[in-house]
Amino acid sequence: MEKILTFAVPCYNSAAYMDHCVQTLLTGGEDVEIILVDDGSTKDDTPAICDRYAAQYPDIIRVIHQENGGHGEGVNQGIRNARGLYYKVVDSDDWLDTNALQAVLEKLRECAKWPKPLDLLIANYVYEHVEDQTQRVMHYRNIFPENRVFTWEEIGRFRPSQYLLMHSVIYRTQLLRDCGLELPKHTFYVDNIFVYQPLPFVESIYYMDLDLYRYFIGRADQSVNEKVMVGRVDQQIRVTKLMIVAHDLRRVKLEHPKLGRYMLSYLSMMMTISSIFLNIAGTPEALGHKTELWEYLRTVDQGLYHKLKYRAMSAVGVFPGYQGRKLSVQLYHVAQHIYKFN
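Computed from a prediction, not measured in an experiment: that's the story for all the values here.

Notes on the overall build of the chain
Item 1. The helix and strand tally for the chain stands at 14 helices and ten strands.
Item 2. Relative to its 342 residues, the chain shows a buried fraction of 54%.
Item 3. Taking contacts inside the chain between residues at least 6 apart in sequence as the whole, the part at least 24 apart equals 77%.
Item 4. Total accessible area on the chain stands at roughly 14900 Å², and carbon and sulfur atoms take up 52% of it.

Considering unusual backbone geometry
Item 1. At asparagine 13, a residue that is not glycine, the phi angle is positive and equals roughly 50 degrees.
Item 2. Structurally, the position occupied by asparagine 13 is in the loop between strand E1 (3-11) and helix H1 (18-26).
Item 3. A positive phi angle is found at histidine 186, which is not glycine, with a value near 50 degrees.
Item 4. Positionally, histidine 186 belongs in the loop between helix H5 (173-178) and helix H6 (191-196).

Examining helix H10 (residues 257-281)
Item 1. Its 25 residues place the ends of H10 36 Å apart at the C-alpha level, agreeing with the 36 Å of an ideal helix rising 1.5 Å per residue.
Item 2. In terms of burial, H10 is a largely internal element, 19 of the 25 residues being buried.
Item 3. Glycine 282 lies just past H10 and shows a positive phi near 70 degrees.

Rules and cut-offs
Residues numbered from 1 in each chain as written. Predicted model: local features only at pLDDT ≥ 70, side-chain atom pairs only at ≥ 80, totals over all residues. Heavy atoms only, no water. Helix = DSSP H or I, 4+ residues; strand = E, 2+ residues; numbered from the N terminus. Buried < 20%, exposed > 50% of the residue type's maximum accessible area, 1.4 Å probe, protein only. Contact = heavy atoms within 4.5 Å. Areas by Shrake-Rupley, 256 points an atom, 1.4 Å probe, with all protein chains shown as cover. Expected span 1.5 Å × (residues − 1).

This is the structure we're talking about:
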């Protein structure tokens, strides 16, 4: 591989904010590659900005112009074309802490010299709330050993607010290719698949307690905005179904019990989110989709269905009756107020 780390930056009409993102990535210098994927932008100068950066930094930045394929296809293009030993996705409205990036790159340079390179590096991310100018750091100190290589057998328990998101992971590029990762086109929320599917293929992990990724929260059109999520709940369902069939969790749990427990919890969270947003929509059609989603899980894996439906988190989304649905939405809003995740 020609570079230590590839950044893939899917860009869709991102002209208003992408400069800040790219400037932070450029501080990585010659060891990084930045692939700007212009996802069919037509409403602003995103294509021209991408080309300008590529002309200005030809040894660091490459541009891929594609017909609109959605965020997932932007990630796919990055994986197909990456020249870096490691791979990280950075959304064009987010950015990286430049000091933390230097520390991460130093570690990855070291990993690149090992006989068997590291599979997964994890760092913290920070919710940057534009509305009230507050921050919330999401760390993993209670879960992972720090500053040494470890395996799934050594991890602790995740809290309900702690999951590995796209913002916290840096995968070895070839591992993503070898595990057959291919995200669906024209679908939001595929970052969940990006993190989830490769996990059983990971043999070595390293955690750095650094606040690397800055996750911008607050744009009205953002995919995690509640009204937007209700309108796109069909895509949330699609992603959840793909995750249901991605792995046999019983086999994962036999080989790596703690990883299996975590992946079960992650899938439970996805079922809960889908169920709650269908409850928020509240139409007969939406409630029918909720029933169909749980029936889909039951037909795929009846044992998994029973484990998830009566799990504490998942049960919140399937409280029976109108009052049960109302309670599930209220509990969701309480969690949203505490953790401020959208």
